[in-house]
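If you want the building blocks of each chain, they are given just below.
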Amino acid sequence: MKFANCLAGSLAALLIYASAAFAAETLTIDKQFTQLSIDHDMQFLVDPSHGLTPADLERPEIAARFRPAGGGLALGYRNDTIWVRILLDNRDLTPRKLFLELKPMVLNDVEVFTPNPGWTARNRDFASVMLGDHHPRRLRPVVATSHIVPLTAPVGASEILVRVRTSSSLAVTGWLRTAETMIQQAAFDAARFAAFEALLVFSGVANLLIWRGLRETLFLQYAVALLALAVNEFCYKGLLFEDWVVGGGVVVDAIGGASSSVCLGMASLFVRGQTRAAKHFPWLAKALLFSALLSVFTFFLTVIDLYQMIAPLVMVSAVIVFAAGFFGNAWLAFKREPGAGIATSAFGALLIGMMVVTLRLTALSTYTHWSDYAFEIAVLFFILYMQLSLARRTRQAESDHAVAQARALDVARAAEKTAVELVERRTAELRLAKEEAETALKAERDAQAEQVRFLDVISHQYRTPLAVVSSSVASIARGLSPDDVGNRQRIERIKRAIGRLVELIDVSLHRSRIDGASALPRFKRQDYARAMDALFSMLRDTFPDRRIRYERREAERDLEIVVDADLLAMALANLVENALKFSPPGAPVDVDAEISGAMLSLRVTDWGIGVPEAERHLLTEKYFRASNSANTQGMGLGLHICATIARRHGGALTLSDHADGGAVALLNLPVVCRSDQDFARIRAASTAK
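Quick summary incoming for the structure in this document.

## Regarding the nonpolar core
Soluble globular proteins: nonpolar side chains tend toward being buried together. In terms of nonpolar packing, the biggest core is built from 49 residues, with Met532, Ile561 and Leu653 touching the most fellow members. The leading source of residues in this core is helix H13 (residues 565–581), at 11 residues. If sequence neighbours within four positions are ignored, Ile561 has contacts with Lys524, Arg525, Gln526, Tyr528, Ala531, Met532, Ile595, Leu600, Val671, Val672 and Cys673. With 44 residues, the next largest nonpolar core counts Ala277, Leu288, Ala311 and Val319 among its residues.

## Details of the sheet that holds strand S15 (residues 560–563)
Sheet strands pair by backbone hydrogen bonding; their relative direction is either parallel or antiparallel. Taking strand neighbours across the sheet as the criterion, the three strands line up as S13-S15-S20 in an open arrangement whose pairing is antiparallel. The sheet terminates laterally at strand S13 (524–527) and strand S20 (672–673), the two strands that pair on one side only. Of the strand pairs in this sheet, S13 and S15 are connected by four bridges, and their pairing is antiparallel. The residue of S15 that forms the bridge with Asp527 is Glu560. With respect to the sheet, helix H12 (residues 528–542) is in contact with S13 and S15, its orientation differing from that of S13 by roughly 85°.

## Digging into the sheet that holds strand S17 (residues 599–605)
With respect to topology, five strands assemble into an open sheet ordered S14-S16-S17-S19-S18, the strand pairing being mixed. Where the open sheet ends on each side, the last strands, each with one partner, are strand S14 (548–552) and strand S18 (652–657). Recorded for the sheet is a direction-independent mean angle of 15° between the axes of neighbouring strands. For S14 and strand S16 (residues 589–596), the ladder comprises five bridges, and the chain directions are parallel. By the bridge assignment for S16, Ile548 is matched with Val589. Sheet strands in contact with H12 are S14, S16 and S17, and its direction is about 180° off that of S14. Helix-sheet contacts for helix H14 (residues 638–648) involve S18 and strand S19 (663–669), and the interaxial angle to S18 is about 135°.

## Structural notes on the packing of aromatic side chains
Within this structure, the stated rule accounts for 10 aromatic pairs. Centroid distance Phe193 to Phe234: 6.3 Å. Interplanar angle 35°. Geometry classified as tilted. With a gap of 41 residues between them, Phe193 in helix H3 (residues 179–214) and Phe234 in helix H4 (residues 217–236) connect regions that are remote in the sequence. Residue classification places Phe193 among the buried residues on the basis of a relative accessible area of 7%. Its relative accessible area of 29% is what places Phe234 among the partly exposed residues. Ring pairs connect the aromatic residues Tyr222, Phe270, Phe347 and Phe382, which therefore count as one cluster.

## Quick notes on the packing of H13 against H14
Packing of H13 against H14 brings their axes to within 9 Å, and their N-to-C directions diverge by 145°. Handedness of the H13/H14 crossing: left-handed. Touching Leu567, Leu568, Met570, Ala571, Asn574, Leu575 and Asn578 of H13 are Gly638, Leu639, Ile641, Cys642 and Ile645, all from H14.

## Considerations on H3
The end-to-end C-alpha separation of H3 is 52 Å, in line with the 52 Å expected for 36 residues at 1.5 Å each. Directly beyond the C-terminal end of H3, a positive phi value near 60° is found at Arg215.

## A closer look at unusual backbone geometry
In most cases, non-glycine residues show a negative phi, while peptide bonds are predominantly trans. With an omega dihedral of 5°, the bond running from Lys103 to Pro104 counts as a cis peptide bond. Mapped onto the elements of the fold, Pro104 is located in the loop between strand S7 (96–103) and strand S8 (109–115). A positive phi angle is found at His50, which is not glycine, with a value near 60°. Position of His50 among the secondary structure elements: in the loop between strand S3 (42–47) and helix H2 (60–63).

## Details of the pattern of salt bridges
This structure, assessed with the given rule, holds 17 salt bridges. Between Arg124 and Glu58 there is a salt bridge whose closest N-O contact spans 3.0 Å. Pair noted here: Arg124 is in the loop between S8 and strand S9 (126–131) and Glu58 is in the loop between S3 and H2, with a separation of 66 residues, a long-range link. For Arg124, a relative accessible area of 24% gives the class partly exposed. Looking at Glu58, the relative accessible area reads 43%, which means it is partly exposed. One salt bridge in this structure joins Asp92 and Arg96, with 3.4 Å as the shortest N-O distance.

## Notes on H4
Given a rise of 1.5 Å per residue, 20 residues ought to cover 28 Å, and the 28 Å separating the end C-alpha atoms of H4 matches this to within 8%. The buried count for H4 comes to 14 of 20 residues, which makes it a mostly enclosed element. A positive backbone phi angle near 70° is found at Gly238, which sits one or two residues after H4.

## Comments concerning the pairing of S7
Within S7, six of the eight residues are buried, which leaves the element mostly enclosed by the surrounding structure. Judged from the seven bridges that link them, S7 and strand S10 (residues 147–153) form a sheet pairing that is antiparallel. If you follow Phe99 over to S10, its bridge partner there is Pro150. Pairing geometry for S7 and strand S12 (residues 169–177), over five bridges, is antiparallel. Bridging from a neighbouring strand, Glu101 pairs with Trp175 of S12.

## Details of empty space enclosed by the protein
For the structure on display, the rule yields three cavities of 30 Å³ or more. Of the voids in this model, the largest cavity is the one considered here, and its volume is about 50 Å³. Contributions of two or more residues to the lining of the largest cavity are made by helix H8 (307–334) and helix H10 (369–479). For the lining of the largest cavity, a count of residues per class yields three nonpolar, four polar and three charged. Here the second largest cavity is characterised by a volume of approximately 40 Å³. Looking at the second largest cavity, the residues that line it are Lys103, Pro104, Met105, Thr145, Tyr236, Lys237, Tyr367 and Asp372. For the lining of the second largest cavity, a count of residues per class yields four nonpolar, one polar and three charged.

## A word on the environment of Gln387
Along the chain, Gln387 turns up in helix H10. On a C-alpha basis, the gap between Gln387 and Ala346 in space is 9.3 Å, while along the polypeptide they are 41 residues apart. Apart from the residues lying within four places of it in its own chain, the contact partners of Gln387 are Asn207, Ile210, Tyr222 and Phe382. Only 3.1 Å separates the side chain of Gln387 from the side chain of Asn207, close enough to count as a polar contact.

## Some thoughts on the environment of Arg530
Following the sequence through the fold, Arg530 ends up in helix H12. For the pair Arg530 and Glu560, spaced 30 residues apart in sequence, the C-alpha to C-alpha distance is 9.6 Å.

## Section: the environment of Val155
Its location among the elements puts Val155 in the loop between S10 and strand S11 (156–165). Under the relative-accessibility criterion, Val155 is labelled partly exposed at 44%. Along the backbone, Val155 and Asp30 are 125 residues apart, and their C-alpha atoms lie at a distance of 10.0 Å. With sequence-adjacent residues up to four places away left out, Val155 is seen in contact with Asn90, Asp92, Leu93, Thr94 and Pro95.

Calculation notes
- Residues numbered from 1 in each chain as written.
- Predicted model: local features only at pLDDT ≥ 70, side-chain atom pairs only at ≥ 80, totals over all residues.
- Heavy atoms only, no water.
- Core = buried A, V, L, I, M, F, W, Y, C linked by side-chain atoms within 4.5 Å.
- Buried < 20%, exposed > 50% of the residue type's maximum accessible area, 1.4 Å probe, protein only.
- Helix = DSSP H or I, 4+ residues; strand = E, 2+ residues; numbered from the N terminus.
- Contact = heavy atoms within 4.5 Å.
- Pairing = 2+ DSSP bridges.
- Axes fitted to C-alpha atoms, helices over the stretch in contact; angles between N-to-C directions.
- Phe/Tyr/Trp six-rings, centres within 6.5 Å; stacked < 30°, edge-to-face > 60°.
- Left-handed = near helix turned anticlockwise from the far one by under 90°.
- Expected span 1.5 Å × (residues − 1).
- Salt bridge = Lys/Arg side-chain N within 4 Å of Asp/Glu carboxyl O.
- 1 Å grid on protein atoms, 1.4 Å probe; cavity = no way out; pocket = protein on both sides within 12 Å on 5 of 7 lines; lining within 4 Å.
- Points joined across faces, edges and corners; volume = space filled by probe spheres on them.
- Nonpolar A, V, L, I, M, F, W, Y, C, P; charged D, E, K, R; others polar.
- Polar contact = N/O pair within 3.5 Å; in protein donor to acceptor, adjacent residues only side chain to side chain.

Function cannot be inferred from these measures alone, as they are strictly geometric.
Below is the structure:
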């Protein structure tokens, strides 16, 4: 890379030599002198050894090496020391106080030798001034956006020597001015720079705010690129002094180079998004992404002070990126994309300005004042036109979004209308289905009620002859002798068969009542004490020969419960019958009644075989019988009937083992009534079940 830079610089120098059709002139100063460019009056000498002094330049063999610059000096990126000589001829009668202005400010190390008042051809007495952004600010005679050196031009011939060494592009241009014109020019340059920086910073911050509101990455990339360019221009004008940062001039150069890399990277991403390259130009999108990645690489090279190696590549990449923006937007403008035409003009202006700067920095053209102005004007034009393009693009996007929202709203309204019509249609269908279901349910209930009435008649008709048969069998059994074992066994088989037949009739009748129309409880308010006494009396009559212990725990006086007495009696009778069936002969069964808050608890405890823990949750299922009940008659419906009756009362049936053996069946019914509100609540809750 260094060899390529040196070769490019040498070729540029040869081009300058070939293009110089005339030798360097002597700058003439007279009474009417106000200001004059030194571009055509400069002679330069390359000092690869970096060791020449003003005294050495007097030697004929060295002085003969000076060549005319030919209108602005531009030698590209190189590490040589350059000596510049400007010949003066003061034809005024008195010495003139003048100012030498040199550009650019990015020259690292500049030493200007100006003639002292007593300067003659034999007494070459120079005053030395150190300039450049690698020297402290205090050494500058004037702090401005260019190098300014005061001098006194003696009467007659004299000369100015400038030694330049820099790590950036080696280019020099300048003016010789009087105090009045220097003040005017410095004020103009300062105002121009301040306006330019203000435009960059204001546009960058404004686009940051737009990004914060819209959250569109394009504005963030544009804002960062503008702010990075503002930092780069600040460094380029030499206003980031080396004594302001830790590390001195090297760090100043690194900041300037890094800001260029950031600007290039963000510009690449901005162009990629602004032209919608991923959609319209996939190959260009990849190239711009590569350019952004390249800027990351150059960023780290600038940090380690190797920017000069890749500076030409950065400049060429920038030109390519802006060319991509120009041609990409031109194609979009042809496709009538909103804002693309304005963006094409913006990128076109920036491309021209960037090409001027690139040609100058790579020594393919001479360095003149208008090249600085060209870039600034191009950036100004770019910012204004690009902001207009982005604004138009944003308005179009908002318009498209509004149209999309309107379409989505129309679709939503149509969907809502369709949904309402569907709901109305489904509601009508459900209403019709409900009416049909209610009609069918009424018919089913009527049929079930008729079935229950039929079963009642059948039960009555069967029970009467069965009672006669049972009574006759008992009479026959009493007439048999004790030794007639055969007939007694036959009598016992008859009794068991009659018992099974009676049980089958009772179970069928209970099942029909629970599953049929009569399953809905017929609630009545009853006195708790009298209701419990009636239940206990019913149990005594039903099981007169068994040992049943009753306990009704006392509650407040005149306490009422809301129950269907018939269903409750059926449930309690089933639980007691189950307990007796699975208990040893002669073992007692305990029946307890207790009030706790709003809950009536009926507990039936036996001392039989108990309930297998793994099967407890299945015992209330229809037709299920426990694994330990194989030797006991039953159909698996009793506990199911009890659980159904409990649910009809809003309660529940739970089964558990007793600590001393046997099983505990607990009916918890929330049926305690202390007010009319309780009565209404109990009826509503029970009906919902």
